[in-house]
Amino acid sequence: MSAKKKTKRADKPVKDETPQKTEASKQDAPQSAQKPEPTPAEAEPPRLYDGPFIVGIGASAGGLEAMTELLRSLPADTGAALVMVQHLSPTHTSALPELLAHATEMPVIEMEDGTPLEPDHVYVSPPDVQVGFHGSSIRLVKRTGSTGNFKPIDFCFQAIADLAQARSIGVVLSGTATDGAKGLAVIKTAGGIALAQTPETARFRGMPEAAIETGAVDIALPPPRLAQEIARLVASPAVRRNAAGGLEPTMDITDQHVRHIRNILHKVSGVDFSLYKPATLRRRIHRRIVLHKLTTADEYIDFLRKDDDEPQMLYQDILIHVTRFFREPEAFELLKDKVFPAVIQEQSGEQPIRIWTPGCSTGEECYSVVIALLEALGEDAGVTPIQVFATDISDAAIEQARAGFYPRAITEDVSDARLRRYFNVIDGKYRIAKSVRDLCVFARQDVTKDPPFSKLDLIVCRNVLIYLGAEAQKRIISLFHFALNPNGFLMLGSAETTGYQNDLFSVVDKKYRIYKRKQTTSPIFPFPIDYSRTPNHEHVNRLIHPGVTSLHEEVSAVLLKRYAPPAVLVDRDMQVIQFRGQTGYYLEHASGAADLNLMTMAREGLVHALRTAFHEAARKGKPVRRERLRVTFNGQGRDVTLEVVPLGAEAHDHFLVLFEDVTPPAAQKAGRGAKAEPRSPRRADMIDQHQEEIERLENELAASRDHLQSIIQDLGATNEELQSANEEILSSNEELQSTNEELDTAKEALQSTNEELNTVNEELHSRNEELSRANSDLTNLLADVHIAIVMVDLDMKIRRYTPMAEEVLNLIPGDIARPIGQIKPNIDCPDLETMITHVLDHFTTIERDVRDAHGRWFSLRIRPYRSLDNRIDGAVLALYDIDESRRHEQEARQAQAFAEGIIETMDNPLLVLDSGLRVRMVNSAYCRLFRVSAGEVSSKLLYDLGNGQWDIPDLRSRLQAILDSGGPLERFEVEHDFPSIGRRRMLLCARRLEGDEARPPLILVEIDQGSNGGRDT
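Quick caveat, the model's predicted, so the values are computed rather than measured. (Residues numbered from 1 in each chain as written. Predicted model: local features only at pLDDT ≥ 70, side-chain atom pairs only at ≥ 80, totals over all residues. Heavy atoms only, no water.)

S.K.: Help me understand the nonpolar core, please; the structure alone is not making it clear to me.
M.R.: One recurring pattern in soluble globular proteins: nonpolar side chains tend to sit buried together. Core analysis: the largest hydrophobic core is formed by 45 residues, its most contacted members being Phe-273, Ile-459, Phe-480 and Leu-490. Looking at this core, the element that brings in the most residues is helix 19 (residues 470-483), giving six residues. Beyond its immediate stretch of four places on either side in the chain, Leu-490 contacts Leu-458, Ile-459, Ile-477, Phe-480, Leu-484, Thr-498, Phe-505, Arg-513, Ile-514 and Tyr-515. Listed in part, the 44 residues of the second largest apolar core include Phe-332, Ile-355, Val-369 and Ile-410. (Core = buried A, V, L, I, M, F, W, Y, C linked by side-chain atoms within 4.5 Å. Buried < 20%, exposed > 50% of the residue type's maximum accessible area, 1.4 Å probe, protein only. Helix = DSSP H or I, 4+ residues; strand = E, 2+ residues; numbered from the N terminus. Contact = heavy atoms within 4.5 Å.)

S.K.: In this structure, what is going on with the sheet that holds strand 22 (residues 624-633)? I would like to understand it.
M.R.: Sheet strands associate in pairs through backbone hydrogen bonding, adopting either a parallel or an antiparallel arrangement. Within the open sheet, the five strands sit side by side as 21-20-24-23-22. Their pairing is antiparallel. Each of the sheet's edge strands pairs with one partner strand only, and the pair in question is strand 21 (576-580) and strand 22. Direction aside, neighbouring strands of the sheet carry axes that sit 25° apart on average. In terms of strand pairing, strand 23 (residues 636-647) meets strand 24 (residues 654-662) through nine bridges, oriented antiparallel. Among the inter-strand pairings, Thr-641 is bridged to a residue of strand 24, identified as Glu-660. Set on the sheet, helix 23 (residues 607-620) makes contact with strand 20 (567-571), strand 22, strand 23 and strand 24; between it and strand 22 the angle comes to about 160°. (Pairing = 2+ DSSP bridges. Axes fitted to C-alpha atoms, helices over the stretch in contact; angles between N-to-C directions.)

S.K.: I would appreciate a short explanation of helix 8 (residues 223-234) in the present structure.
M.R.: Since the α-helix advances by 3.6 residues per turn, residues separated by three or four positions end up pointing in the same direction. For helix 8, with twelve residues, the first-to-last C-alpha span of 16 Å sits near the 16 Å given by 1.5 Å per residue. Of all twelve residues that make up helix 8, nine are buried, and the element is covered over most of its length. The set of residues buried in helix 8 consists of Pro-223, Leu-226, Ala-227, Glu-229, Ile-230, Ala-231, Arg-232, Leu-233 and Val-234. (Expected span 1.5 Å × (residues − 1).)

S.K.: Explain the sheet that holds strand 14 (residues 429-432) to me, please; I cannot follow it from the model alone.
M.R.: Taken in spatial order, the three strands line up as 12-14-13 in an open sheet, and their pairing is antiparallel. Since the sheet does not close on itself, it has two edges, and those belong to strand 12 (405-406) and strand 13 (423-426), each with one partner. Alignment of strand 13 against strand 14, held across four bridges, turns out to be antiparallel. Looking across to strand 14, one finds that Ile-426 is bridged to Lys-429.

S.K.: How do you make sense of the packing of aromatic side chains when you look at a structure like this?
M.R.: Evaluated as defined, the whole model comprises 17 aromatic pairs. When the ring of Phe-325 is compared with that of Phe-423, the centres are 5.4 Å apart and the planes differ by 80°; the resulting orientation is edge-to-face. Placement of the pair is Phe-325 in the loop between helix 13 (310-318) and helix 14 (329-346) and Phe-423 in strand 13, with a sequence separation of 98 residues. Across this residue pair, the class does not change: Phe-325 and Phe-423 are buried. (Phe/Tyr/Trp six-rings, centres within 6.5 Å; stacked < 30°, edge-to-face > 60°.)

S.K.: Can you walk me through the pattern of salt bridges in this structure?
M.R.: Between side chains of opposite charge, pairing is possible as soon as their charged atoms come close. Scanning all chains against the criterion turns up 32 salt bridges. Where Glu-973 meets Arg-985, a salt bridge forms, and the shortest distance between an N and an O atom there is 3.9 Å. With a gap of twelve residues between them, Glu-973 in strand 32 (residues 969-978) and Arg-985 in strand 33 (residues 982-993) connect regions that are remote in the sequence. Owing to a relative accessible area of 38%, Arg-985 belongs among the partly exposed residues under this scheme. Members of the salt-bridge network, linked through shared partners, are Arg-327, Glu-328, Glu-365 and Arg-462. (Salt bridge = Lys/Arg side-chain N within 4 Å of Asp/Glu carboxyl O.)

Below you can see the structure in the form of structure tokens.
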């Protein structure tokens, strides 16, 4: 099939209006309920899509080569519909459908608005549009947003996931930037398969690497092997069997299968998946069955039991994390406008604002809430205490959230201003700023069984309840009511509500599911501590690491060993984390801004010893003790012993500082009430001397302390100056970072433009190859055509000619681009230019016979040169050699004249009849005999001559026999009364004159009047 037959251009106009967003684009859990106002207890809606398997393929720069390789290796009868989206220039007509048509036997169609999806068809997106779906038909939406924000691949993938769900495949090929990464995650969440080209085989690695970084890619292979994988996935028995009638593709996974698999997962993770919706579990199990090339759930259960890694892979697949920063930005604006002002108003004194985000995934939503809160606080952000608790059931997700590293793709959701203020760029990735990270506490928690946090101002739990059953949803809603303050707020996902527990919450915003706690008693429910559900570490030790001893438990153990003296817990930066016991004798808050640094809080006499002991303990990793340090409190001195104890097995990130009061022995005796013995005079003198010596030493010690304090103060001033200089450097660094981010933004815009230019360049390269082949074909064709052809442009300059024209028209290669009027051709045609001008002016064709210098005849034909768009762009001169045919015609004319001369010289009348017995010619003798002219009898039937004297049946049959068999007619006698000459008797003789293919045979008839002149006497 030719490319012209397989490609088709879009002629219909593209709709201007933007369609209503699909559910997959509204939220990142396409399997959630689709009904308006669903309750959390509602089951998921039935599937309605029964069309072909949809394979979405996205590419950008370098994508033409990858797409071509994939199509060449993909069978033409997979039964899937291939939807290809590439970054194309909005001002350049794309030749992508024609180029891809050469690589496959499937019809390649450029999309039109309303084009129905059919199996074994390739659909290519036109430039400057986004591809969506309405039912099983394609819907095109005009491009919106700036060049840098145009993400047609993500838009298309999200639409495919919403339509086809488990019967969808997403493929990301070569390209720059990050388009397609987010869409692949949505396809995987919907139960589809996510594929990507290996970065090593891509001309541009940006898009494949960004997709792989999300963790959503199931398989990464070169394009030819991706084609094989697509064919295998679409042809999988598990897919074919269940997709035939448009049913849910997990219908063959029974409840018993699900129970077996839940038990295996429970042993591995300790999570009770019986609380999850069965449809969600079936979708995830079905994905794993297809990926492992299995056909039944029984085979997969055997595989789970034998493979140590697969249970953890399924566990992570069930807990797939599809989230992003500021998902549904309007919801966060609503938090800033309505919720946070109310929370801030309720906050009083030193009580912090407490927020909990269960199901925090990899931290994007938690950090988004913190950023929105900081923006709502404005200038008070630095002084208002904030505590944000972020929990999730996945250890891997919590670790990623703690690290705070995110790929470049977050630029799609986070504004440039927020990126500059709340993120740092490290190794091409974005890391959340320390000021935001320090406000968040991340922990692993199963919200279905673990106790909640309490006294909370806000709970943000979005798209968690949709995965759980009705009973679990009801229990969690009650738990949220218990955990919130009397005026606390609850925010759920767009497909979640409080269900039938409306007595616990009032609606603040119906669209974005924001509720306020009602003043009512929370339902009573147990908080089980089920140690039987902890994972079997001997079986999965390398999959799930056992937790370390709690930091607070270690602190308590150390304090108990020291009889619980006053102490503080600090980190490596000497920031106080926790106070234990009465520390007011040893530590005091300095005036000014709140500062929990241990050095600024230590009382006089402790600073120097405390600093040296801390650094020594950090360096050696062992406890360090300093005894009999003099501390002044309320004008009285106290002797203190301090000890710095490093905490942690290896990395000593925390230290416990213990303070012990030292009581003098005399005071101890006095405290016991013992009587003092009378002192002798000599003993009294000695005591006085000793007392004086003690006072002297104390004075010297006080002077040394004063001197040391002065040095410490000077050091503090120097540190302040250094800190001021450091702040200036940080300020300069922020400005440079801001400039660098602006450059990054400009680079992204240039990168997007470069992608489009690369795509256009690839198309032009392929088109040049086609033109080169066409030019070679044309050159060979003209070389083999023995016709003198010359093409001229509108200025009558020679553009191209055939080798035959060199000889006929006296042309040489140097005559290219010369006006034809400057050429002296070898033909006799002085008005050649005039003829060409007439053709160009009147768009007509002129033909004329001309002769060359050797006397050969040619037929000169001049016609307009029409381009493919039917525009006159010159003229074409063709000289056909007619010399031989011209000579044959001349010889034929001479032969005819010779025959006519012979006939004219005959004395007997002669007639020449054609095959229809019509008179072709008569000689002069006939005209004299019958007294008629040649014109009177020409073209008449023989039987109509005269008064019908020749209308004789026998004569007619004999003449017809001559035409049929060629036999002669001899002396046929005719006697008749002829007009004007009377009655005569004549003898007729006839002969057949042979003809050829061009001329039919003739009959020559001779009339003999006899010896008496033919008179009847």
